[in-house]
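# Examining the three-dimensional arrangement
Single-letter residue listing:
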Amino acid sequence: MKRIAILLIICFVICNLMGCARTNEQEDFATLSQPEQLVEKDDGTEQKEPAEEKPKGEPTIDQPQEQPAQEKEELRPPEQEQPKEEPLENKVKTAPVPDKSQFELSTLPRFADDFVGLVDYIEGPQDFKELQDRLALKDYIVVRGRIDGKSTQYDSGMFSLLDQHNETPILVQEVYHGEVQAGDVIFMLEPMFVHWRDGKLAVEHFGGFPPIEKDEDYLFIVYNIGPKHEGGADVYFTKDLLVPYIRLSEVEASLGRKGLNVREQRNLDAYNYYCLGKRGEENS
């Protein structure tokens with residue numbers, strides 16, 4: 001029995017020694033591995049595992065790909081877009097002149113408005129008898145005259161065809177009809193205006209009524225329409241935009257010529273009737 005007890009004690013001691021040894025090995029292993037992990041964390045050498053990289057040029061969710069410059073320009077608001085440059089020959093720069101400026105209209109470059117074609121089409125070139133019937137001559141004056149000074153430009157502000165116009169002084173030489181006298185100065189309304197056009201003064205007019213020429217005699221068949229601006233003098237024009245004046249040098253050049261058109265024949269008839277006093281006589 002004694003021997004058995006001693007053997008049990010020896011086995012117990014051996015088991016305890018083996019358990020301690022195993023515990024020491026685990027502690028030594030833990031002690032050896034832990035510093036390496038601490039050193040990695042402290043020195044910042046440990047890095048997170050990088051996320052899976054995507055092919056270049058493919059936008060990510062956090063950082064969207066920047067749009068090309070061309071796409072940005074197409075999305076620009078309309079007001080920021082630059083207008084296309086027009087050819088220089090199509091650009092006409094105009095600027096007004098001060099009110100009450102004075103001009104010799106016949107000496108300036110002229111630009112006729114296309115509106116005159118419509119007027120001629122509507123009214124038509126009536127003959128002299130039709131002209132007399134339409135004029136109601138008791139309200140008109142018929143005189144021979146010529147320019148007597150510079151024309152004055154006005155803006156009546158009435159928003160009509162004759163809004164911007166010139167008033168030209170006319171010296172009355174002979175009176176054929178109406179209550180005026182030779183030697184009077186009347187003001188003829190000219191439906192045209194002067195402005196700066198590409199840096200030069202020019203006349204814009206309705207082609208049927210070009211400026212009255214200086215040093216030329218005219219037959220005026222006109223109507224007193226009163227003043228066209230505050231404090232202005234009475235001005236004369238046609239009541240219905242028909243034949244305000246006839247240039248006598250043109251009429252005289254047509255004397256004896258065959259094949260006159262309706263307007264040329266009408267002007268010749270008016271010249272013979274008033275200026276030459278051939279009341280109802282045959283035209284020469």
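Just above, that's the structure.
On a predicted model such as this, the values are computed, not experimentally measured, just so you know.

What counts, and at which threshold
Residues numbered from 1 in each chain as written. Predicted model: local features only at pLDDT ≥ 70, side-chain atom pairs only at ≥ 80, totals over all residues. Heavy atoms only, no water. Salt bridge = Lys/Arg side-chain N within 4 Å of Asp/Glu carboxyl O. Buried < 20%, exposed > 50% of the residue type's maximum accessible area, 1.4 Å probe, protein only. Helix = DSSP H or I, 4+ residues; strand = E, 2+ residues; numbered from the N terminus. Pairing = 2+ DSSP bridges. Core = buried A, V, L, I, M, F, W, Y, C linked by side-chain atoms within 4.5 Å. Contact = heavy atoms within 4.5 Å.

## What about the pattern of salt bridges?
- Per the stated rule, a full pass over the model turns up 10 salt bridges.
- Across the pair Asp 139 and Lys 138 runs a salt bridge, and its minimum N-O distance is 3.5 Å.
- Given a relative accessible area of 71%, Lys 138 falls into the exposed group.
- Several salt bridges converge on common partners, so that one network encompasses Arg 144, Arg 146 and Asp 217.

## Quick word on the pairing of strand β4 (residues 140–147)
- Of all eight residues that make up β4, seven are buried, and the element is covered over most of its length.
- Bridge count between β4 and strand β10 (residues 218–226): six bridges; the pairing is antiparallel. Within β10, the position partnered with Val 143 by the bridge is Phe 220.
- The pairing of β4 with strand β6 (residues 164–177) spans six bridges and is antiparallel. When the bridges of β6 are listed, Arg 146 appears paired with Leu 171.

## Re the nonpolar core
- Grouped together as the largest cluster of nonpolar side chains are 20 residues, with contacts concentrated most on Leu 137, Val 142, Leu 219, Ile 221, Ile 246 and Tyr 274.
- Among the elements that make up this core, the one with the highest residue count is helix α6 (residues 262–275) (five residues).
- Residue contacts for Ile 221: discarding those within four places in its chain leaves Leu 131, Leu 135, Leu 137, Tyr 140, Ile 141, Val 142, Thr 238, Val 243, Pro 244 and Ile 246.
- Formed by 18 residues, the second largest nonpolar core is a distinct cluster that contains Val 143, Ile 147, Val 180 and Tyr 218.

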